[in-house]
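Chain by chain, the residues:
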Amino acid sequence: MIERKQTRAIHVGNLQIGGGAHIVIQSMTNTKTKDVDATLKQINALANAGCELVRLAILDQEDADAVAKIKQLSPVPLVADIHFNPAFAISVIKNGIDKVRLNPGNLPLDSVPEIARLAKEHHVPIRIGINTGSLEKSLIAKYGGPCPEAMIESAKHHIDILTQCDFHDIALSFKSSDVSLCIDTYRLASQTFDYPLHLGVTEAGTMLGSSIKSSVALGTLLYDGIGDTIRVSVSADPVEEIKIAKQLLKCLNLKKDVVNLISCPTCGRIQYDMLPIVAQIEDFVNNIQEDITVAIMGCPVNGPQEAGRADIGIAGGKDVGLLFKKGEIIATVPQEEIVERLKQEILALVEQKHKV
Ligand code: SF4
């Protein structure tokens, strides 16, 4: 049982982050924010996949202006990612953004009080994002390179600027592409601050690389009870990030409404074409947000028993699949009908759960 570290709560639109709330899954669009249609399309795809909070890059005034329209039609709360230009922060807050990611130390200092005042008035929290790639040169010189202590000192500097403006609605992130540095820094951050922590490994790479790096870094931290919101970065369609994030949380019992797909590695006993079935069912269940277990097994020797706790599954016979529920075989299905039959059974199970 994971004991979550207590952090302050912040409110991002209708979402609570920290303060004992569930761990929020977030992602970031890779469209031009000013392209409102494309951005909304991606936000909707992310939301349908299970993303709860979406960040948008604000590169210019046109992007900042587009927030007003996007915000009206977005199904989930939005975060604006801003660097260096205070005018964009002021615009997005006035345009209804739910949260801003900016580092106040990188803005003209005389602009921060106005941003803090507006953010407070509009109940917009600010995430300070410390990143090894943009650590202050003075800290690199002082510590001889990026390290947890340098990252924490940088955060303190930015936090002080906001708290001096009596602004406390803060979240923090400490991103690095180095997994060990990530873990060590978040651990130190969790001991040092009680602000909610946004976890992520930055520039984590492709699906394979990111799944591994994120599972090691975020999995270790989450198992320690550290982390209030997560973003898994992948060099791919951001919807892929949500699949990894959901499975990561599911593995640690930090999220229930995700389908648990069990499949065997296959071996010489197999007598049907199982792997394409696994791929199609994985795609199918990715958009189903239910706490059910589906098993796809190679053979009836170990299949039903190995997946005895599955709600529904298939164990392969000779060119057929033996359909089973809770470990009991209930039908024999020809190879070419297995995918459709499994989909029907899964949907029936989901419907049944909704009726209860
Ligand atoms: Fe092999 Fe059957 Fe086990 Fe799959 S379930 S690994 S096919 S023995």
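The structure we're discussing is the one just above.
The model shown is predicted, which means the values in this text are computed figures rather than measured ones. (Residues numbered from 1 in each chain as written. Predicted model: local features only at pLDDT ≥ 70, side-chain atom pairs only at ≥ 80, totals over all residues. Heavy atoms only, no water.)

Trainee: Where do I start with the site of the ligand in this structure?
Mentor: The ligand sits among 8 residues. The nearest are Cys264, Cys267, Arg269, Cys299 and Asn302. Considered class by class, the residues forming the shell around the ligand number 3 nonpolar, 3 polar and 2 charged. (Near = heavy atom within 4 Å. Nonpolar A, V, L, I, M, F, W, Y, C, P; charged D, E, K, R; others polar.)

Trainee: I tried to follow the nonpolar core on my own but got confused; where do I start?
Mentor: Soluble globular proteins tend to bury their nonpolar side chains together. Counting residues in each nonpolar core, the largest one holds 78 residues, and the members touching the most others are Val92 and Phe174. Considering each element in turn, this core owes the most residues, 7 residues, to helix α6 (residues 148-164). The residues touching Val92, leaving out its near neighbours within four places in the chain, are Ile58, Ala64, Val67, Ala80, Ile82, Ile97 and Val100. Within the second largest apolar cluster, 28 residues are counted, among which are Val259, Val285, Ile288 and Val333. (Core = buried A, V, L, I, M, F, W, Y, C linked by side-chain atoms within 4.5 Å. Buried < 20%, exposed > 50% of the residue type's maximum accessible area, 1.4 Å probe, protein only. Helix = DSSP H or I, 4+ residues; strand = E, 2+ residues; numbered from the N terminus. Contact = heavy atoms within 4.5 Å.)

Trainee: I would appreciate a short explanation of helix α4 (residues 112-121) in the present structure.
Mentor: Note that an α-helix has 3.6 residues per turn; residues three or four places apart therefore point the same way. The complete set of buried residues in α4 reads Val112, Ile115, Ala116, Leu118 and Ala119. Buried positions in α4, seen along its axis, are confined to an arc of 165° and lie on one side of it. Looking at the buried side of α4, the elements it contacts are α3 (86-94), β7 (126-131) and α6. Positioned one or two residues after α4, His123 has a phi angle of 55°, which is positive. (Arc of directions from axis to C-beta.)

Trainee: Looking at this model, I keep getting lost on the side chain of Arg101. Mind explaining?
Mentor: Tracing the backbone through its elements, the reader meets Arg101 in strand β6 (residues 99-101). Leaving out residues up to four positions away in the same chain, Arg101 has contacts with Arg55, Val79, Ala80, Asp81, Ile82, His83, Arg127 and Gly129.

Trainee: Could you clarify how one ought to interpret unusual backbone geometry in this entry?
Mentor: With the exception of glycine, the majority of residues adopt a negative phi angle, and the majority of peptide bonds are in the trans configuration. In this model, Asp166 sits at a positive phi of 60°, which is unusual for a non-glycine residue. One non-glycine residue, Asp319, adopts positive backbone phi at about 60°. Looking at Asp319, the relative accessible area reads 44%, which means it is partly exposed.

Trainee: Just checking my understanding: could you explain the packing of aromatic side chains for this structure?
Mentor: The geometry of an aromatic ring pair comes down to the distance between the two centres and the angle between the two planes. This model, assessed by the stated rule, comprises 3 aromatic pairs. When the centroid spacing of 5.8 Å and the interplanar angle of 90° are considered together, the rings of Phe174 and Tyr186 count as edge-to-face. One end of the pair, Phe174, is in strand β8 (residues 170-175); the other, Tyr186, is in helix α7 (residues 179-192), and 12 residues separate them in sequence. The class of Phe174 is buried, set by a relative accessible area of 0%. Among the residues examined, Tyr186 registers a relative accessible area of 0% and is labelled buried. With a centroid separation of 6.4 Å and an interplanar angle of 15°, the aromatic rings of Phe174 and Phe193 are classed as stacked. Here the residue Phe174 occupies a position in strand β8, and Phe193 occupies one in the loop between α7 and β9 (197-199), the gap between them amounting to 19 residues. Each member of the pair, Phe174 as well as Phe193, carries the same accessibility label: buried. Taken together through their ring pairs, the aromatic side chains of Phe174, Tyr186, Phe193 and Tyr195 make up a single cluster. (Phe/Tyr/Trp six-rings, centres within 6.5 Å; stacked < 30°, edge-to-face > 60°.)

Trainee: How should I be thinking about the pairing of strand β15 (residues 328-334) in this particular structure?
Mentor: Two faces make up the sheet, and in a regular strand the side chains alternate between them. Pairing of strand β14 (residues 320-325) with β15, which is carried by 6 bridges, proceeds in the antiparallel orientation. For Phe324, the partnering residue across the bridge sits in β15 and is Ile329. (Pairing = 2+ DSSP bridges.)

Trainee: Before we go on, may I ask you to explain the sheet that holds strand β12 (residues 293-297) in this structure?
Mentor: Think of a sheet as strands paired side by side through backbone hydrogen bonds, with each pair either parallel or antiparallel. An order of β11-β12-β13-β14-β15 is seen for the 5 strands of this open sheet, with the pairing classed as mixed. Since the sheet does not close on itself, it has two edges, and those belong to β11 (260-263) and β15, each with one partner. Strand-to-strand, the axes of this sheet are offset by a mean angle of 20°, without reference to chain direction. (Axes fitted to C-alpha atoms, helices over the stretch in contact; angles between N-to-C directions.)

Trainee: Whenever I open this one, the pattern of salt bridges confuses me. Can you help?
Mentor: Any two side chains of opposite charge can pair if their charged atoms end up close together. A complete count under the given rule lists 21 salt bridges for this structure. Across the pair Arg117 and Glu114 runs a salt bridge whose closest N-O atoms are separated by 3.2 Å. Here Arg117 pairs with Glu114, and both are found in helix α4, just 3 residues apart, close to one helical turn. Note on Glu114: relative accessible area 34%, which makes it partly exposed. A salt bridge links Glu153 to Lys142, with the nearest nitrogen and oxygen atoms 2.9 Å apart. Note that Glu153 is positioned in helix α6 and Lys142 in helix α5 (residues 137-143), a separation of 11 residues in sequence. Residue class for Glu153 comes out partly exposed when judged on its relative accessible area of 27%. One network of salt bridges, in which partners are shared, links Lys34, Asp60 and Asp63. (Salt bridge = Lys/Arg side-chain N within 4 Å of Asp/Glu carboxyl O.)

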